[in-house]
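Working through the structure, step by step
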Amino acid sequence: QKEVEQDPGPLSVPEGAIVSLNCTYSNSAFQYFMWYRQYSRKGPELLMYTYSSGNKEDGRFTAQVDKSSKYISLFIRDSQPSDSATYLCAMKDTGGGNKLTFGTGTQLKVEL
Amino acid sequence: DTAVSQTPKYLVTQMGNDKSIKCEQNLGHDTMYWYKQDSKKFLKIMFSYNNKELIINETVPNRFSPKSPDKAHLNLHINSLELGDSAVYFCASSPSGAPNYGYTFGSGTRLTVV
């Protein structure tokens, strides 16, 4: 079993929908939580970062972390066709090396 | 003005060959990484260098050898290529000791071994 689990999708939603993407993890040492967006044939780009538990909002994106349940979420409001991409969660513990452990990614398609 | 650049973008080669992938970053970051992304989009770390020093070496076959001539460059050499090495290889960089910045990734090198 992988340290970080993520539903691979694909997830298809109509334009304007609210999208919920989720990851679960098993390593309680993870303290830093990130979401990356990866367009086809491109490298991942950092979308959101959260430290420990709580919520963080940035425009149409909200990241939530529930450390007690070992569960993180990314919500996308008013989804747009340009949001169509693979979304990867990533996590890091407080150890050295700055190593990120990634989920397998969820493929999202927002249709007109 | 590309932040993290990798060359080549595509690499098609035969089994048994030796190949190299180059990576350069102009962000002034101290730490660089190599990640492998398989066909299911799973990203797994291979190596990490901080100021030219190897700090992470995951379970990777000895056929893979990273080299960092300076903190702005991290190359990956692969000997005796196998079919299972086919994947997308991403270089990334980050400031050391600043997890909130995450990584900046290159656009990847798509390696196909035939």
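The structure this text deals with has already been given above.
Below you will find a few notes about this structure. Residues take numbers from 1 onward in each chain, read along the sequence in its written order. Numbering of ligands from 1 and lettering of chains from A proceed in the order in which they are written. pLDDT decides what is reported in this predicted model: residues at 70 or higher carry local features, side-chain atom pairs at 80 or more are listed and counted, and totals for whole chains, interfaces and linings draw on all residues regardless. Excluding hydrogens and water, the side-chain values take into account all heavy atoms of the structure.

**What to know about the state of the cysteines**
- Cysteine sulfur pairs qualify as disulfides if the two atoms are within 2.5 Å. Counted according to the given criterion, the structure contains two disulfides over all chains.
- Across a sulfur-sulfur distance of 2.0 Å, A:Cys23 and A:Cys89 are joined as a disulfide pair. What sets the handedness of the A:Cys23 and A:Cys89 disulfide is the S-S torsion sign, and at about -100° it is left-handed. Here A:Cys23, found in strand β3 (residues 19–25), pairs with A:Cys89, found in strand β9 (residues 85–93); they are 66 residues apart in sequence, far enough to count as distant. A single burial state applies to A:Cys23 and to A:Cys89, both of which are buried.
- B:Cys23 shares a disulfide with B:Cys91; S-S distance 1.9 Å. Because the torsion about its S-S bond is -80°, the bridge between B:Cys23 and B:Cys91 counts as left-handed. Here B:Cys91 lies in strand β9 (residues 87–94) and B:Cys23 lies in strand β3 (residues 19–25), a separation of 68 residues in the sequence. Accessibility classification places B:Cys23 together with B:Cys91 in one group, the buried group. A run of H or I in DSSP becomes a helix once it reaches four residues, and a run of E becomes a strand once it reaches two; helices and strands are each numbered from the N terminus. The buried label applies to any residue whose accessible area, calculated with a 1.4 Å probe on protein chains only, is under 20% of its type's maximum; exposed applies above 50%, and partly exposed to all values in between.

**Overview of the packing of aromatic side chains**
- The pairing test for Phe, Tyr and Trp rings, Trp by its six-membered ring, is centres within 6.5 Å, and the orientation test on the planes gives stacked under 30 degrees, edge-to-face over 60, and tilted for anything in between. Overall, the coordinates contain 15 aromatic pairs over all chains when judged by the stated rule.
- When the ring of B:Tyr103 is compared with that of B:Phe105, the centres are 5.7 Å apart and the planes differ by 50°; the resulting orientation is tilted.
- Judged by relative accessible area, B:Phe105 falls into the buried class, the value being 9%.
- Among the aromatic side chains, those forming a connected cluster through ring pairs are A:Tyr36, A:Phe102, B:Tyr33, B:Tyr35, B:Phe90, B:Tyr103 and B:Phe105.
- By definition here, charges over rings are those cases where NZ of Lys or CZ of Arg is within 6 Å of the ring centre and within 35 degrees of the ring normal. In this arrangement the basic side chain of A:Lys2 is found over the ring face of B:Phe42, its NZ or CZ atom lying 4.8 Å from the centre.

**Structural notes on the sheet that holds β3(A)**
All names here are of chain A.
- Taken in spatial order, the five strands line up as β1-β3-β8-β7-β6 in an open sheet, and their pairing is antiparallel. Two strands lie at the open edges of the sheet, namely β1 (4–6) and β6 (54–58), each paired on one side alone. Taking the axes of each pair of neighbouring strands and ignoring which way they run, one obtains an average angle of 15° across the sheet.
- Note on pairing: DSSP must find at least two bridges between two strands before they are called paired. As defined by bridge partners, β6 adjoins strand β7 (residues 61–66) across five bridges and the pair is classed as antiparallel. The residue bridging lysine 56 from the neighbouring strand is alanine 63, located in β7. In this description, a line fitted to the C-alpha atoms serves as the axis of each element, helices being fitted only across the stretch in contact, and the angle between N-to-C directions of two axes falls anywhere from 0 to 180 degrees.

**Notes on the side chain of A:Gln38**
- Secondary-structure assignment places A:Gln38 in strand β4 (residues 30–38).
- One polar contact links A:Gln38 to B:Gln37, side chain to side chain, over a distance of 3.0 Å.
- Any two residues whose heavy atoms approach within 4.5 Å at even a single point are treated as in contact. Every residue in contact with A:Gln38, bar those within four places of it in the chain, is listed here: A:Gly43, A:Pro44, A:Ala85, A:Thr86, A:Leu88, B:Gln37, B:Lys41 and B:Phe90. For this analysis, a polar contact is any N or O atom pair within 3.5 Å, provided that within protein one partner can donate a hydrogen and the other can accept it, and provided that sequence-adjacent residues contribute only side-chain to side-chain pairs.

**Some thoughts on the interface of chain B and chain A**
- Taken together, the contacts link 25 residues of chain B with 21 residues of chain A.
- Across the interface of chain B and chain A, roughly 1800 Å² is buried in total on both sides, 59% from carbon and sulfur atoms.
- By definition here, a salt bridge exists when the distance from a side-chain nitrogen of Lys or Arg to a carboxyl oxygen of Asp or Glu is within 4 Å. For the pair chain B and chain A, the number of links is one salt bridge.
- Notably, a salt bridge pairs B:Glu58 with A:Lys99, separated by 3.4 Å at the nearest N-O pair.
- Applying the counting rule to chain B against chain A returns five residue pairs in polar contact (both at pLDDT 80 or more).
- Listed by contribution, the elements that provide at least two residues to the side of chain B that touches chain A are β4 (31–37), β5 (43–50), β6 (53–57) and β9 of chain B.
- Residue composition of the side of chain B that touches chain A, grouped by class: 14 nonpolar, seven polar and four charged. Summed over both partners, buried area is the accessible surface (1.4 Å probe) that two parts give up on being assembled. In this count, Pro and Cys sit with the nonpolar residues alongside Ala, Val, Leu, Ile, Met, Phe, Trp and Tyr, while Asp, Glu, Lys and Arg are called charged and the others, Gly among them, polar.

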